[in-house]
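# What the coordinates show
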Amino acid sequence: MAGSLSRREQFMLLSLLAACLAVLANTFDGDGEPLVASLAFSGIAFASCYALVRWLGDAFMRAGFKGKDMSKPKLVEIPETMGAVCATVYLFILIVFIPFPFYKDIVAATSGGGNRDFILHVQEVETGRFLHRFPHSKLASYLSAILSLQTVVLLGIGDDLFDIRWRHKILIPAFAAIPILSVYFVDFGVTKIVIPTPLRPYFGELFDLGWLYYAYMAAISIFCPNSINILAGINGIEVSQSLIIAMLLAFNDLLYLLPPPPAGFPSPHPATDSHLFSLYLLLPFIGASLALLAHNWFPARVFVGDTYCYFAGMVFAVVGILGHFSKTLLLLLVPQIANFVYSAPQLFHLVPCPRHRLPRFNRATGLLEPSTAVFDERNPLRPVVGAVLKLLHRVRLVRVTTDPASGRVVECTNLTLLNLWLVWWGPMREDRLCLGLSALQLACGLFGLFVRHKLALLVFTQDNWG
Ligand code: UD1
Ligand code: MG
């Protein structure tokens, strides 16, 4: 049956679930190991998301959440918006996880330094015991992250339901970011940036951006979700790019946590808490996304929908902002930034933009080719834009077709990284295109981290990693 799990899948998922539950039960012995618990929760996220995506597909189709896979010989409809399942599992896991990182603090705050024989005085019982001992600010960060993510998932589902106009939905992630920005304001409030050494004679060591810093973070929360949504349209690409970014972010977090800090640095590393926080949000995301990818990989059995794109982007914005490493995040988003800049002429309608820009499926060969925008009286192209496109064609940044009689540009490949890749490397199968772009994402990300931790020392006096 389409919507059920095979014996083998049942066995594997149940074993994984049992193993994760056993690990979870053990984390309460001793101090409680939130990171181990988080790993176990990401296993649970994988198992639940895998099973639920399979089970709920038909129900989503009946509710109208379905889409046609445009790059297949037969136009079959498959469930869309399955990212909503992934996001829901993820949010539930984050909520159930709340007591784990705070377990030690809860014990300490409620029973007097973990000593359960400690006698409470009447007044302490009445005033809520040792409130001052509990790290409320950390809990506030965590809760604000959940709130921001929930808001953006609502937007995603709304968009999948009603296809909301670009100009109407663009600001919503910025509103969704208000909870995390408020916590940032109260908790951290740093709006100064470190100036690179060569520029210090002019600007000083630190430069205060003031409210612009908040505008910058709001812009990040608009950019991340939308940039993933426009680098989309072939099986697996939305999830694979998000997984690579998440894994690289987690890898960067581990750099701060695994080796003991070098001599001269305080132990534990001052950024430990931010990076732990980031891991708590990323590990279950990786688990749930892997399960979604298993269903969305070529040939896809489900689509992830805009919900997943917005949700994934917002996870990155949240960890980047609350973990205080938004610039490192931007280094990992280089392909998304490149795709956005490359797309800008179409996004801002300098070049006419069709509803779909995903690569074109050639039925005869079974391969993907660059899709094109056609210019005629209904979609005219300004001569100066045509001239620029011809110039870009010369340097192989786009492929244009000109009318032999008038020399005017009548067609050009759509301005997305996916189409550009096909212009460069020729037609290819959908999964190879996805693998190619994933490799690019990984290479750019690793290089970004290298730049962040090694080359940055050329222009900054120190790397906060060590
Ligand atoms: C964005 C892109 C659009 C691209 C679309 C594909 C911009 C401004 N918009 O629009 O150019 O065509 O994403 O997701 O860049 N689909 C497939 N195979 C896939 C994934 C999607 O055929 O692997 C098709 C399905 O018909 C699916 C539809 O794309 O129903 C989803 O499109 P949607 O997410 O609604 O498009 P947008 O996000 O608005
Ligand atoms: Mg989309």
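Residues numbered from 1 in each chain as written. Chains lettered and ligands numbered in written order. Predicted model: local features only at pLDDT ≥ 70, side-chain atom pairs only at ≥ 80, totals over all residues. Heavy atoms only, no water.

## Overview of the packing of aromatic side chains
- Inspection of every chain in the model, using the stated rule, returns 23 aromatic pairs.
- Centroid distance Phe41 to Phe97: 5.7 Å. Interplanar angle 80°. Geometry classified as edge-to-face. Of the two residues, Phe41 sits in helix α2 (residues 34-62) while Phe97 sits in helix α3 (residues 83-97), which places them 56 residues apart along the sequence. Here Phe41 matches Phe97 in class, with each residue buried.
- Between Phe285 and Tyr308, the aromatic rings sit 6.2 Å apart at their centres with planes inclined by 15°, giving stacked as the arrangement. With a gap of 23 residues between them, Phe285 in helix α13 (residues 272-296) and Tyr308 in helix α14 (residues 305-322) connect regions that are remote in the sequence.
- A connected cluster of aromatic rings, assembled from ring pairs, spans Phe41, Phe97, Phe100, Tyr142, Phe277 and Tyr280. (Phe/Tyr/Trp six-rings, centres within 6.5 Å; stacked < 30°, edge-to-face > 60°. Helix = DSSP H or I, 4+ residues; strand = E, 2+ residues; numbered from the N terminus. Buried < 20%, exposed > 50% of the residue type's maximum accessible area, 1.4 Å probe, protein only.)

## Here's the deal with the site of ligand 1
- As a matter of local geometry, ligand 1 sits amid 18 residues, with Lys68, Glu80, Asp306, His356 and Arg357 nearest to it.
- Side-chain polar atom of Asp306 to an oxygen atom of ligand 1: 2.8 Å apart, as the coordinates give it.
- Between ligand 1 and the protein, one listed contact pairs an oxygen atom with a side-chain N or O atom of Arg355 at 3.2 Å.
- When ligand 1 is considered free in solution it has 720 Å² of accessible area, and contact with the protein chains removes 87% of it.
- Elements supplying a minimum of two residues to the shell around ligand 1: β1 (66-68) and α11 (211-230). (Near = heavy atom within 4 Å. Polar contact = N/O pair within 3.5 Å; in protein donor to acceptor, adjacent residues only side chain to side chain. Areas by Shrake-Rupley, 256 points an atom, 1.4 Å probe, with all protein chains shown as cover.)

## A few points about the environment of Thr151
- Considering the arrangement of structural elements, one finds Thr151 in helix α6 (residues 136-162).
- Looking at Thr151, the relative accessible area reads 30%, which means it is partly exposed.
- Along the backbone, Thr151 and Tyr90 are 61 residues apart, and their C-alpha atoms lie at a distance of 14 Å.

## Section: the pairing of strand β9 (residues 409-413)
- When strand β7 (residues 372-374) meets β9, the two strands line up antiparallel, connected through three bridges. Residue pairing across strands places Ala373 opposite Cys412, the latter belonging to β9.
- As paired elements, strand β8 (residues 400-402) and β9 share three bridges and run antiparallel to each other. By the bridge assignment, Thr401 is partnered in β9 with Glu411. (Pairing = 2+ DSSP bridges.)

## What about the coordination of the magnesium ion (ligand 2)?
- Bound to the magnesium ion (ligand 2) on the protein side are Asn229 (OD1) and Asp306 (OD), at distances that span 1.9 to 2.2 Å. Taken as a pair, Asn229 in helix α11 and Asp306 in helix α14 lie far apart in primary sequence, 77 residues in all.
- Overall, the relative accessible area of 16% leaves Asp306 in the buried class. (Donors = N, O, S within 2.8 Å, 3.2 Å for Na, K, Ca; no water.)

## So, the UniProt feature "transmembrane region" (unreviewed entry) in the chain
- UniProt records the feature "transmembrane region" (unreviewed entry) at residues 35-57, 78-100, 139-158, 170-191, 211-232, 239-257, 277-295 and 307-325, using the numbering of this structure.
- Between the end C-alpha atoms of residues 307-325 there is a gap of 25 Å, over a span that is 84% helix and 0% strand. (UniProt positions renumbered as here; feature names shortened; annotations may be inferred.)

## Some remarks on α14
- Taking 1.5 Å as the rise per residue, α14 with 18 residues should run 26 Å; its terminal C-alpha atoms sit 26 Å apart, in good agreement.
- Extensive coverage of α14 is indicated by the burial of 18 of its 18 residues.
- Following α14 by one or two positions, His324 has its phi on the positive side, about 60°. (Expected span 1.5 Å × (residues − 1).)

## Details of the pattern of salt bridges
- Per the stated rule, a full pass over the model turns up nine salt bridges.
- The salt bridge partner of Asp273 is Lys138, with a shortest N-O separation of 3.6 Å. Of this pair, Asp273 sits in helix α13 while Lys138 sits in helix α6, and the two are 135 residues apart along the sequence.
- One salt bridge connects Arg429 with Asp431, and the closest N-O pair in it is separated by 2.6 Å.
- The class of Asp431 is buried, set by a relative accessible area of 13%.
- Shared partners join several salt bridges into a network, and the residues in it are Asp69, Lys72 and Glu430. (Salt bridge = Lys/Arg side-chain N within 4 Å of Asp/Glu carboxyl O.)

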